[in-house]
Amino acid sequence: MRYIAAYLLLQIGGNSSPSASDIKKVLSSVGIEAEDERLDKLLSELADKDINELIAEGSSKLSSVPSGGGAVAASGAAPAAGGAAPAAEKEEEKEEEKEESDDDMGFGLFD
């Protein structure tokens, strides 16, 4: 994933056909050592292909994958339970707020 991310960053930056050394430079700037074998495989698979067409093709394939339909049905059944549902929702909200405040735990994203 890091190799394709570096490739896409270079493309967005104006480099229409990034080389292995360009990708290595991007990865090394953030402390990642590139593996030549993986990098060569990526570049060989992307050779002579338009990245925008590949992204469009992948997006159309992903659109056929089902995602998250079950959660909607489960939340729709909760109001049918009567008066107990609102109290449970308030309790869950308080619990979620507490969890969100503990997410950081003193560590920053880029520490």
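Fair warning: this is a prediction, and the values are worked out from it, not measured in the lab. (Residues numbered from 1 in each chain as written. Predicted model: local features only at pLDDT ≥ 70, side-chain atom pairs only at ≥ 80, totals over all residues. Heavy atoms only, no water.)

Draft legend 1. Structural view of the overall build of the chain. Within the chain, the regular secondary structure consists of six helices and zero strands. Reading the chain from its N terminus to its C terminus gives the helix and strand order α-α-α-α-α-α. Classification of the 111 residues of the chain by burial places 13% in the buried group. Within the chain, contacts between residues separated by at least 24 positions form 47% of all contacts whose residues are at least 6 apart in sequence. Carbon and sulfur atoms provide 55% of the accessible area of the chain, an area that totals close to 9,000 Å². (Helix = DSSP H or I, 4+ residues; strand = E, 2+ residues; numbered from the N terminus. Buried < 20%, exposed > 50% of the residue type's maximum accessible area, 1.4 Å probe, protein only. Contact = heavy atoms within 4.5 Å. Areas by Shrake-Rupley, 256 points an atom, 1.4 Å probe, with all protein chains shown as cover.)

Draft legend 2. Spotlight on the nonpolar core. In terms of nonpolar packing, the biggest core is built from twelve residues, these being Tyr3, Ala6, Tyr7, Leu10, Ile23, Leu27, Ala34, Leu39, Leu42, Leu43, Leu46 and Ile51. Those elements that place two or more of their residues in this core are helix H1 (2-12), helix H2 (20-29) and helix H3 (36-46). Apart from the residues within four sequence positions on either side, leucine 46 is in contact with Ile4, Tyr7, Ile51 and Leu54. (Core = buried A, V, L, I, M, F, W, Y, C linked by side-chain atoms within 4.5 Å.)

Draft legend 3. Just H3, in detail. For H3, the full list of buried residues reads Leu39, Leu42, Leu43 and Leu46. End-on view of H3: buried residues confined to an arc of 95 degrees, all on one side of the axis. Exposed side chains of H3 directed beyond 90 degrees from the buried face belong to Glu37, Lys41 and Ser44. (Arc of directions from axis to C-beta.)

Draft legend 4. Representation of H1. Those residues of H1 that sit buried are Tyr3, Ala6, Tyr7 and Leu10. The buried residues of H1 occupy one face: seen down the axis, they fall within an arc of 100 degrees. More than 90 degrees from the buried face of H1, the exposed residues found are Leu9 and Ile12. Elements that come into contact with the buried residues of H1 comprise H2, H3 and helix H4 (51-62).

Draft legend 5. Quick look at the packing of H2 against H3. It is the contact of H2 with H3, at a shortest axis distance of 10 Å, that shows an interaxial angle of 125 degrees. Comparing the axis directions of H2 and H3 gives the class oblique. For the pair H2 and H3, the sense of crossing is right-handed. Here H2 contributes Ala20, Ile23 and Lys24 to the contact with H3, which in turn contributes Asp36, Leu39 and Leu43. Looking at the contact of H2 with H3 residue by residue, the classes come out as four nonpolar, no polar and two charged. (Axes fitted to C-alpha atoms, helices over the stretch in contact; angles between N-to-C directions. Parallel < 35°, antiparallel > 145°, perpendicular 65-115°, else oblique. Left-handed = near helix turned anticlockwise from the far one by under 90°. Nonpolar A, V, L, I, M, F, W, Y, C, P; charged D, E, K, R; others polar.)

Draft legend 6. Region of the structure containing unusual backbone geometry. A positive phi angle, near 60 degrees, is found at aspartate 48, a position not held by glycine. Along the chain, the position of aspartate 48 falls in the loop between H3 and H4. Given the relative accessible area of 84%, aspartate 48 is considered exposed.

Draft legend 7. Representation of the confidence of the model for the chain within the structure. Per-residue confidence for the chain gives a mean pLDDT of 77, with 61% of residues at or over 70. For the chain, helix H5 (residues 69-77) is the element with the lowest average pLDDT, namely 54, and H2 is the one with the highest, namely 93. (pLDDT = per-residue confidence, 0-100.)

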